[in-house]
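# Fold and geometry: a report
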Amino acid sequence: MKLAEALQERADLNRRIEQLRYRLGNNALMQEGEKPAEDPAALLRELEECLSRLEWLISRINLTNCAVKVDGHTLTELIARRDILSQRAEAYRRLVEEASQNTHRATRTEIKILPAVDVPALQKLADDASRDLRLLDNTLQATNWTSDLLE
């Protein structure tokens, strides 16, 4: 199994587990003399199977991410880098948005509000972080599809 396939299965399992939790909640109580719409015991068995598979997948994904290297860096390091680039780009974009707001003055005597930061320079930093993030994400995706999941 390729790492990318394991990541897809992990996402599917997380969705399935959430659905099972919701269905269990809907069938936890019933009116006296009635039967629940679904058998809670069967739902619990399915939940346990999904959780066991998810635990196995997560451990294998983590082992693979620690072992596979791209340009001397593990996938774990690249994922951390991606997360920080995403936060950096978002922080710069928000600051640019806040600093770019125009305030309207009714008269020339009103106080003029000016940006306290260099908006064009921050916009360039945001654009650079976004570009680096896209390139890194492409590298991660390509590596995920070419790397086998460690057993």
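Structural data are supplied above this passage.
Quick summary incoming for the structure in this document. (Residues numbered from 1 in each chain as written. Predicted model: local features only at pLDDT ≥ 70, side-chain atom pairs only at ≥ 80, totals over all residues. Heavy atoms only, no water.)

What follows covers the overall build of the protein. Within the protein one finds 4 helices and 2 strands. Taken from N to C terminus, the helices and strands of the protein fall in the order α-α-β-β-α-α. Taken against the 2.2 N^0.38 rule, which gives 15 Å for 151 residues, the C-alpha radius of gyration of the protein at 25 Å runs more than 25% over that of a compact globule. Judged by the C-alpha coordinates and their principal axes, the protein covers about 75 × 55 × 15 Å. (Helix = DSSP H or I, 4+ residues; strand = E, 2+ residues; numbered from the N terminus. Rg over C-alpha atoms; globule rule 2.2 N^0.38 Å.)

Before going further, it helps to examine helix H1 (residues 3-26). With 24 residues, H1 ought to run about 34 Å at 1.5 Å a step, and its terminal C-alpha atoms sit 35 Å apart, in line with that. Here H1 has its buried residues at Leu3, Ala4, Ala6, Leu13, Ile17, Leu20 and Leu24. Tucked into the core, H1 has its buried residues touching helix H2 (40-67), helix H3 (75-99) and helix H4 (119-146). (Expected span 1.5 Å × (residues − 1). Buried < 20%, exposed > 50% of the residue type's maximum accessible area, 1.4 Å probe, protein only. Contact = heavy atoms within 4.5 Å.)

Here we take up unusual backbone geometry. You will see that Asp71, though not glycine, has its phi angle at about 50°, which is positive. By secondary structure assignment, the location of Asp71 is in the loop between strand E1 (69-70) and strand E2 (73-74). Residue classification places Asp71 among the exposed residues on the basis of a relative accessible area of 73%.

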